[in-house]
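Coordinates in review
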Amino acid sequence: MIRRSRRIMVLSAALALGGCGTIPLASLPALSRIDIATTDPSVLRVAVRLPDAVKPRPGGVTMDAVTRESGAADRTATFLLIETRDPGDLAGLPLDVPPGVSTYAYRLSADDLARFDALRRSALQSHAEGRTVSLGFGIATKEFCRVAALPPGPLPATSYLMTSETGRYVILTEDSDLRSLAKVKRELESLEPC
């Protein structure tokens, strides 16, 4: 069942952060190496490239971990991802971004690293005791603010994930239009200034 949880982890991360779109085929080999049992959460980095008109609010990027265990209700824990501007955390992100876009990178806080590791150890212990268990996570940018007037037309967003297994940022979704989902489009129209 741990193998299934690996797949859940990768797919939910891709779908939640990008909003819509598909994982590029070139990213699949690297993403398939992610192993929830051995991944180092201190290496986990998420990045999103957005039009300059919008940016994530502080505290607006989260990771929701869902534990599913046979005979028990699903449990969800939310972890705050904090922005990082450390050059090491930004290394490997594309430098050739078009004008009018910015890239933001995130990592788990020290407290949430410990919480996530405890959650993972608990799921692995349940699995070792013979229970059917899976642990998946989704990463989402839930709150944005407006830096400038939104331009007409598509608002492309690209999302990236780096883990100890990938060793580099891997594209999860590329140039997904933030306006393509009705809920996101409505939220964009009522954004508060940063």
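Considerations on the pattern of salt bridges
Applying the stated criterion across every chain yields a total of 10 salt bridges. Across the pair aspartate 175 and arginine 49 runs a salt bridge whose closest N-O atoms are separated by 3.4 Å. Taken together, the positions of aspartate 175 in strand β9 (residues 170–177) and arginine 49 in strand β1 (residues 45–51) put the pair 126 residues apart, joining distant regions of the chain. Its salt-bridge partner being arginine 120, residue aspartate 117 comes within 2.7 Å of it at the nearest N-O pair. You can see aspartate 117 and its partner arginine 120 sitting in helix α4 (residues 110–128), three residues apart, about one turn around the helix. Aspartate 117 sits in the partly exposed class, given a relative accessible area of 23%. One continuous salt-bridge network, built from bridges that share partners, spans Glu69, Arg75, Glu129 and Arg131.

Some points on the nonpolar core
Core analysis: the biggest nonpolar cluster contains 35 residues, and Leu50, Met63, Phe79, Leu81, Ile139 and Leu161 have the highest contact counts within it. When residues of this core are assigned to their parent elements, the largest contribution, four residues, is made by strand β6 (residues 133–141). Those residues in contact with leucine 81 that sit more than four places away from it in its chain are Val46, Val61, Thr62, Met63, Tyr106, Arg107, Leu108 and Ile139. With six residues, the next largest nonpolar core counts Ala47, Leu93, Ala105 and Tyr169 among its residues.

Concerning the state of the cysteines
Summed over the entire model, instances satisfying the criterion amount to one disulfide. Put simply, cysteine 145 and cysteine 194 are joined by a disulfide, and their sulfur atoms are 1.9 Å apart. A torsion of 95° about the S-S bond marks the disulfide between cysteine 145 and cysteine 194 as right-handed. Separated by 49 residues along the polypeptide, cysteine 145 in strand β7 (residues 144–146) and cysteine 194 in the segment after α5 (182–189) bring together distant segments of the chain.

So, empty space enclosed by the protein
Per the counting criterion, the structure on display carries four cavities of 30 Å³ or more. Here the largest cavity is characterised by a volume of approximately 80 Å³. If you go around the largest cavity, you meet 13 residues; those closest to its centre are Thr39, Pro41, Leu44, Phe116 and Phe137. Looking at the lining of the largest cavity residue by residue, the class counts come to nine nonpolar, three polar and one charged.

Side note on the confidence of the model for the protein chain
With 89% of its residues at a pLDDT of at least 70, the protein chain reaches an overall mean of 82. Note on residues 1–20: pLDDT is under 50 here. Beyond four places in sequence and across chains, it has 59 contacts.

Overview of the pairing of strand β5 (residues 101–108)
Of the pairings in the sheet, the one linking β1 to β5 comprises six bridges and is antiparallel in character. Across the sheet, the residue bridging to leucine 50 is serine 102, located in β5.

Here we look at the side chain of serine 159
Mapped onto the secondary structure, serine 159 falls in strand β8 (residues 156–162). The class for serine 159 is buried, based on a relative accessible area of 1%. Among the polar contacts listed, one links the side chain of serine 159 to the side chain of threonine 173, at a separation of 2.6 Å.

Let's talk about the environment of leucine 93
Mapped onto the secondary structure, leucine 93 falls in the loop between α3 (87–90) and β5. Sequence-wise, leucine 93 and arginine 49 are 44 residues apart; in three dimensions their C-alpha atoms are separated by 9.7 Å. Not counting residues within four places of it along the chain, the set of residues in contact with leucine 93 comprises Ala47, Thr103, Ala105, Tyr160 and Tyr169.

Rules used throughout
Residues numbered from 1 in each chain as written. Predicted model: local features only at pLDDT ≥ 70, side-chain atom pairs only at ≥ 80, totals over all residues. Heavy atoms only, no water. Salt bridge = Lys/Arg side-chain N within 4 Å of Asp/Glu carboxyl O. Helix = DSSP H or I, 4+ residues; strand = E, 2+ residues; numbered from the N terminus. Buried < 20%, exposed > 50% of the residue type's maximum accessible area, 1.4 Å probe, protein only. Core = buried A, V, L, I, M, F, W, Y, C linked by side-chain atoms within 4.5 Å. Contact = heavy atoms within 4.5 Å. Disulfide = S-S within 2.5 Å. 1 Å grid on protein atoms, 1.4 Å probe; cavity = no way out; pocket = protein on both sides within 12 Å on 5 of 7 lines; lining within 4 Å. Points joined across faces, edges and corners; volume = space filled by probe spheres on them. Nonpolar A, V, L, I, M, F, W, Y, C, P; charged D, E, K, R; others polar. pLDDT = per-residue confidence, 0-100. Pairing = 2+ DSSP bridges. Polar contact = N/O pair within 3.5 Å; in protein donor to acceptor, adjacent residues only side chain to side chain.

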